[in-house]
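Below, each chain spelled out in residue letters.
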Amino acid sequence: MKLKLIGIACLLSVAAGYAQQGNYEKEINALLSKMTLEEKIGQMNQLSYFETSDQLLTQIKKGEIGSLLNIIDPVEVNKVQKAALENSRLGIPLIIGRDVIHGLKTVFPIPLGQAASFDPQVVEAGARVAATESRELGINWTFAPMLDISRDGRWGRIAESLGEDPYLAGQLGAAMVKGFQGNDLSSPTSIAACVKHFIGYGAAEGGRDYNSTNIPPHLLHNVYLVPFKKAIDAGAATLMTSFNDNDGIPASGNDYLLKDVLRKEWKFDGFVVSDWASMAEMIPHGYAKDGKDVARISANAGLDMEMVSGTYPKYLKELVQSGQVSIADIDNSVRNILRVKFRLGLFKNPYVDTSKASTIYSQSHLEEARKAAVESAILLKNEGSLLPLKANLKVAVIGPLADAPHDQMGTWVFDGDKAHTVTPLKALQTEFKNISYVYEPALSYSRDKSTANFEKAKQAAASADVAIVFLGEESILSGEAHSLSNINLIGVQSDLLREVKSAGKPVVLVVMAGRPLTIERDLPYADAVLFNFHPGTMGGPAIFDLIYGKANPSGKLPATFVREVGQIPMYYNHNNTGRPAPDGNVMTLDQIPVEAGQTSLGNTSFYLDSGKNPLFPFGYGLSYSKFEYSGLALSSNSIPMGGMLTARVSIKNTSSVDGVEVAQLYIRDLVGSIARPVKELKGFQRVALKAGESKTIEFTLTTDDLAFFGRDMQRKAEAGDFKLWIGTSSAEGLETEFSIK
Ligand code: BGC
């Protein structure tokens, strides 16, 4: 009897879990059985909203549209939704999409900046704010998070990525999904996430957007697919294919990835949307002959919804009738789409409640955005502990990014209003009123080449105790289709920095940019450098929180900073060559004797003009505190396959300032059935330490955490020896060893 009761209790709890994930198969099948082929194809069609025309309403009523993107007026959303629900034959709601990438109105740091926080909680909170504001306007689906691994600062969309590391991107991507979707997708503050771009888009050759990628299978599975799998396991409702062809196959026509990997292996049951016209672009790719061919290829590949290019509505019917696309594939796609619509609660609560009080730009949203901006800033240099500054110093505020309310928000901001941006200058005028300052922008925008005001900037610096120079990039210089072949500070900004430095006062360089920049040439002219990836609405006060020590920097680089653009791609988790350059310094150009013998420099892997190391490694970032690591110990130096180990380390804040250290755990699998990276991040923790405090922290690692796709393309850990480090960046750390027996 007791057993029976336990059994029933188990069944009930499984059923409850199932309901939460949203098991709507009965409803879906019932609806599907009533749908005509045209209505099914209609669900697979997404259009971009322009206006609520009669033509649009007629199409919706006829069931020809499954989704609209870019409609952001709640009154209009209610109109189109009414047409779908009350005036179409089957009353299927529309799903309303929008690129809400790092906030809707309240803009958070660009995703690359959020990644620098190494803080899943802050990322989740940002997505929650974005979801709440979006749902208010009737948006119930965002095209985020972008999980493209990017190892190339030239690529404009690195801004939108979570950096170069698959583990970090996976952890933070999952947090973002959780933030957007909440615990219950049907809640009035949740929106569906869309992981994108599947797959390899960030590996565009030469960093030029949309370019081909050539990612071989092991790399694809061990790096590029990793964060996607993690975000899908976290429940991401939808996925977007990418623009690029990888090894000749455009992503929107890749049946292996969409069917075998995504559906069969990963058991993804949400829906797949194409990128904007990425299906039709298979024609210029040379992969499809015409629109009909496009529709055939994508439908057969398992692509459920077409974004804007209209080949499904035009050709799918005849393709099904002629047997070139199976009705089973169509039914599967429609099921996937309906499943997400049911889970979003759109059948029950389709309308926006326009009478509800707005939370847009609410105090709590602004505070979350400020916290995120604080945690996203990376202190790269702090000579003589120049920072934090004392409030009684007179400062000269210089540079084009000191008061650039539009640019500070960064790329992919459609809805944020620059009138709400608090720039550094505005922060000084409002909140930091006790600071005495002079302001001289010197350049009116980052590309401005006029040096006419340089002398004034120098005078301003001379008249102050410290100069704070705000340089960087306008938002238009990063993002989609905005790649650069030169990633120095653009225009004459480096010259301005030098001019300011020549006034003889200490200089704080504050950068706001959409990508890692090559700033080696600028470092000698700045005593302190605080790097911000475009920090969003609350960037100004966040930066002054850090500059005046109300907060302590804790951000770490989510992507390697190279010395020269020609070093790209340079990333920490690379494979070793057979001839790695020796530790310590390598010979540089000016040290090479004239008429040096051919082999006199040794034959190892480095650049004669820029060496073997980056400017700043992945995971690097300073604090006003000083942290000391000691006592790294493992629970065991040998674990069985399937076992687990615990790594322990003590961290002491040896300074007199409270701070937060992001402790990072890396491993190296020394010998594998395929060569393994020299380091791989496997864990991180933000550790808050009061002045003088020490803490012992613990990481656990299972052998599954060490698994990879080896020679046989099966994901598993391999027995053998490993190195393990815990430390402050990918380039430093205490080291130990263990093995899997
Ligand atoms: C971008 C996507 C975006 C879509 C819809 C495309 O150009 O690549 O990331 O979601 O447009 O705006």
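My aim in this report is to walk through the structure given alongside it, one point at a time. (Residues numbered from 1 in each chain as written. Predicted model: local features only at pLDDT ≥ 70, side-chain atom pairs only at ≥ 80, totals over all residues. Heavy atoms only, no water.)

To continue, consider the overall build of the protein. Counting its secondary structure elements, the protein contains 20 helices and 26 strands. If one aligns the C-alpha atoms of the protein with their principal axes, the spans along those axes are about 75 × 65 × 60 Å. Scored against the burial criterion, the 741 residues of the protein give a buried share of 58%. Restricting the contact set of the protein to residue pairs at least 6 apart, pairs at least 24 apart contribute 77%. When the accessible surface of the protein is split by element, carbon and sulfur atoms take 51% of a total near 28,900 Å². Side-chain charges of the protein comprise 74 positive and 82 negative groups, with the mean position of each set lying 4 Å from the other. (Helix = DSSP H or I, 4+ residues; strand = E, 2+ residues; numbered from the N terminus. Buried < 20%, exposed > 50% of the residue type's maximum accessible area, 1.4 Å probe, protein only. Contact = heavy atoms within 4.5 Å. Areas by Shrake-Rupley, 256 points an atom, 1.4 Å probe, with all protein chains shown as cover. Lys, Arg positive; Asp, Glu negative; His and termini not counted. Charge placed at Lys NZ, Arg CZ, Asp CG, Glu CD.)

Okay, the sheet that holds strand S9 (residues 271-273) next. Taking strand neighbours across the sheet as the criterion, the three strands line up as S5-S6-S9 in an open arrangement whose pairing is parallel. A strand with exactly one partner marks an edge of an open sheet, and here the two such strands are strand S5 (194-198) and S9. Taken pair by pair, the neighbouring strands of this sheet meet at an average axis angle of 25°, ignoring direction. Note that S5 and strand S6 (residues 238-241) share three bridges and pair parallel. Bridge pairing links Cys194 to Thr238 in S6. Where helix H10 (residues 226-233) meets the sheet, its contacts fall on S5 and S6, and the angle it forms with S5 comes to roughly 160°. (Pairing = 2+ DSSP bridges. Axes fitted to C-alpha atoms, helices over the stretch in contact; angles between N-to-C directions.)

In the structure shown here, the tally under the stated rule is 25 aromatic pairs. Between Tyr24 and Phe342, the aromatic rings sit 5.4 Å apart at their centres with planes inclined by 15°, giving stacked as the arrangement. Here Phe342 lies in helix H15 (residues 327-343) and Tyr24 lies in the loop between helix H1 (2-21) and helix H2 (25-34), a separation of 318 residues in the sequence. Judged by its relative accessible area of 12%, Phe342 falls in the buried class. Measuring from centroid to centroid gives 5.1 Å for Trp141 and Phe271, while their planes differ by 65°, and the two rings are edge-to-face. Here the residue Trp141 occupies a position in strand S4 (residues 141-142), and Phe271 occupies one in strand S9, the gap between them amounting to 130 residues. (Phe/Tyr/Trp six-rings, centres within 6.5 Å; stacked < 30°, edge-to-face > 60°.)

Right, let's talk about empty space enclosed by the protein for a bit. Counted under the stated rule, the structure contains two cavities of 30 Å³ or more. In this structure, the largest cavity occupies an estimated 80 Å³ of space. Forming the walls of the largest cavity are 13 residues, and the residues nearest its centre are Arg151, Asp152, Gly153, Pro516 and Thr560. Of the residues contributing to the lining of the largest cavity, the split by class is seven nonpolar, three polar and three charged. Along the walls of the second largest cavity sit Ile101, His102, Gly103, Phe108, Gln114, Val123, Gly126, Ala127, Ala130, Met176 and Phe180, which together make up its complete lining. Put simply, the parts of the chain that give the lining of the second largest cavity at least two residues each are helix H7 (120-137) and helix H8 (166-181). The greatest single-element share of the lining of the second largest cavity, amounting to four residues, is contributed by H7. (1 Å grid on protein atoms, 1.4 Å probe; cavity = no way out; pocket = protein on both sides within 12 Å on 5 of 7 lines; lining within 4 Å. Points joined across faces, edges and corners; volume = space filled by probe spheres on them. Nonpolar A, V, L, I, M, F, W, Y, C, P; charged D, E, K, R; others polar.)

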